[in-house]
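What the coordinates show
Chain by chain, the residues:
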Amino acid sequence: MDSTLPDCGLFSQCLLFNLNTFKSMKKTQKAITLLVTMIIAVVFVLGNTVNAQQAKAKPWPVPDKNKAIKAPVNLKDASVISNGKDLWAKNCKSCHGAKGLGDGPKSVSLKTFPGDFSSAAFQSMTDGELFFKTSTGRDEMPAYEKRLPDANDRWGLVAYMRTFKK
Amino acid sequence: MHKPIRNFMKRFLIGLFFFLTGAGIVFSQDSIPVQTKKPLTKAPFESGYFIDDQTVALPPAHTLQMILQHRLGTIQNGWTDLAGIWGASNIRFGLDYTINKNVLVGLGTTKNKRIQDLQAKYTFFRQRQDGFPLTLSIYGNMGISCLNKSAFGTDFKARDRFSYYYELMIARRFCKMFSAQVGIAWVHYNIVDTTVTPRDWHVNSMYNDNLQISGIGRLKVSPQMSIIATYSQSVFTYVNRMPWPNAGLGIEVSTATHAFQVFFAAAQGIVPQEVSFYNDKNPYNGVILIGFNITRLWTF
């Protein structure tokens, strides 16, 4: 450390030490240091900017025959909802959030906003539509017909999603 | 072991294997009329790996499973080696694939003794709601030690590298929170290191073969977290000598695609036949280590 540095704390001393080091560099070294610093700054800003501009989900058409499918189980049954709640915690909460608001910890890394499942627009979908989308997935949303091969599990998720209604 | 007893045991176990497989084919759930099929219960365990044991659980069909198993050094040295974190460790890396909903095949490589292993698991009965009360699986593992041939003594033959482990597992999901499994396994080594376990340490002079019994239990405390415990021991060995029983206690956290287990256990071998035959750490004397298993699934 330069003994002529003022006594203003370790952080300030480090900063001033680096500024003094920068001043003593040759022109080429200064140019490279500035260029690398700018690249790091641009990448950092762009990374955060991309996350802030999460895209809205595109329209997701569902075939009429799938829309019309009725649940083979009672979606208001407590045991069905309880099963759905457990499966939600394990499979869905990390992206869609605990209450389906699209605010799960992984949601910030998604290109598309996972959606607000408490909204009127979401809840107006038929049970068959919710089952279809859960089963087939698209883009960043996995197809759960393979991960949850038992259809009753996916109907349990539909039942639990209905509880998000405001 | 006396030759007649060993031969009888081999024939009995082979016959039991084919009987159970045949029973599985004859009484396979696909052949039961649809109207009498009861719905399946949920799988009793989140992962096919459970501390140092296998479970009846299989990933969904056409799933690739990666497994990392790590066992640190024992905790006895305290701060000098940071409770075993800086001590001699063992690690296994494996890949498994479910051919269909009932069959899994896999391979792995382990640091200690450079064991390369091939394994397969077949679930032939599944527990059903208000129906069949158990889930039954059989598991087989063949290990090949790739140490330098000088490690096998003066009269080395290629077959000396091989070891085998075959287990019948019977599990039940008692309720949403609790599942348990018992298992019985036949373990065989083509050659046994008698400098580690002298022949007279084994009952009835049985030194290439052994039976192992095991029990595991899982208590679910939240949708994603469970407390897990396991115990296993050899049958044909004397008490108070190697190989010691293995006991483990830990926690498991699972997501859709991962299962993480962190635990205390005694055995460092990882490969099941090593855990059964060569566990030199006595859990009753507090000789335990920290270990973890991580599985990751890719569904195709």
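Preceding this section is the structure that the text describes.
Note that this is a predicted model, so its numbers are computed, not measured.

Rules used in this analysis
Residues numbered from 1 in each chain as written. Chains lettered and ligands numbered in written order. Predicted model: local features only at pLDDT ≥ 70, side-chain atom pairs only at ≥ 80, totals over all residues. Heavy atoms only, no water. Helix = DSSP H or I, 4+ residues; strand = E, 2+ residues; numbered from the N terminus. Buried < 20%, exposed > 50% of the residue type's maximum accessible area, 1.4 Å probe, protein only. Contact = heavy atoms within 4.5 Å. Pairing = 2+ DSSP bridges. Core = buried A, V, L, I, M, F, W, Y, C linked by side-chain atoms within 4.5 Å. Buried area = accessible area lost by both parts, 1.4 Å probe. Salt bridge = Lys/Arg side-chain N within 4 Å of Asp/Glu carboxyl O. Polar contact = N/O pair within 3.5 Å; in protein donor to acceptor, adjacent residues only side chain to side chain. Axes fitted to C-alpha atoms, helices over the stretch in contact; angles between N-to-C directions. Parallel < 35°, antiparallel > 145°, perpendicular 65-115°, else oblique. Left-handed = near helix turned anticlockwise from the far one by under 90°. Nonpolar A, V, L, I, M, F, W, Y, C, P; charged D, E, K, R; others polar.

With respect to the overall build of chain A
Check the secondary structure of chain A and you find 9 helices and 0 strands. For chain A, the succession of helices and strands along the chain, N to C, is α-α-α-α-α-α-α-α-α. Evaluated residue by residue, chain A yields a buried proportion of 29% over its 166 residues. In chain A, the share of contacts with a sequence separation of at least 24, taken over all contacts with a separation of at least 6, comes to 56%.

Some thoughts on the pairing of strand β13 (residues 258-265) of chain B
In regular strands, side chains alternate between the two faces of the sheet. Residues and elements named next belong to chain B. Burial of β13 is one-sided: the residues Ala259, Gln261, Phe263 and Ala265 facing one way are buried, the residues His258, Phe260, Val262 and Phe264 facing the other way are not. Alignment of strand β12 (residues 246-254) against β13, held across 7 bridges, turns out to be antiparallel. Within β13, the residue paired with Ser254 across the bridge is Ala259. The hairpin formed by β12 and β13 contains 3 residues between the paired strands.

Looking at the nonpolar core
One finds B:Phe45, B:Phe50, B:Ile51, B:Tyr189, B:Phe277 and B:Tyr278 to be the most contacted residues of the largest nonpolar core, which totals 21 residues. Of all elements in the fold, only β8 (162-173), β9 (178-189) and β13 of chain B reach the threshold of two or more residues within this core. Counting residues in hydrophobic clusters, the runner-up holds 19 residues, among them A:Leu87, A:Trp88, A:Cys92 and A:Tyr160.

Some points on the interface of chain A and chain B
In this complex, chain A contributes 10 residues to the contact, which on the side of chain B involves 12 residues. Carbon and sulfur atoms supply 49% of the area buried between chain A and chain B, which totals about 1000 Å² over both sides. Interface area lost by chain A to chain B is led by A:Lys90, A:Lys146 and A:Arg147, which between them contribute 54%. Taken together, the links from chain A to chain B amount to 3 salt bridges. Here B:Glu46 ties to A:Lys90 by a salt bridge, and the two come within 2.3 Å at their closest N and O atoms. On the surface where chain A and chain B come into contact, there are 6 residue pairs in polar contact (both at pLDDT 80 or more). Among the elements of the structure, α4 (78-91) and α8 (144-147) of chain A are those that each provide at least two residues to the side of chain A that touches chain B. With 6 residues, the single largest contributor to the side of chain A that touches chain B is α4(A).

Describing the packing of helix α7 (residues 127-136) of chain A against helix α9 (residues 151-162) of chain A
All names here are of chain A. Put simply, α7 and α9 touch, their axes get as near as 9 Å, and they point 120° apart. In this view, α7 runs oblique relative to α9, as classed from their interaxial angle. Every pair of crossing elements has a handedness; the one defined by α7 and α9 is right-handed. Contacts between α7 and α9 involve Asp127, Gly128, Leu130, Phe131, Thr134 and Ser135 on the former and, on the latter, Ala151, Arg154, Trp155, Leu157, Val158, Met161 and Arg162. Tallied by class, the residues present in the contact of α7 with α9 amount to 7 nonpolar, 3 polar and 3 charged.

A short note on the pattern of salt bridges
Under the counting rule described, the total for this entry stands at 13 salt bridges over all chains. Where B:Lys220 meets B:Glu46, a salt bridge forms, and the shortest distance between an N and an O atom there is 3.4 Å. Of the two residues, B:Lys220 sits in strand β10 (residues 209-220) while B:Glu46 sits in the loop between α1 (3-26) and β1 (49-50), which places them 174 residues apart along the sequence. A relative accessible area of 24% places B:Glu46 in the partly exposed class. When salt bridges with common partners are traced through the structure, they connect A:Lys90, B:Glu46, B:Arg218 and B:Lys220 into a single cluster.

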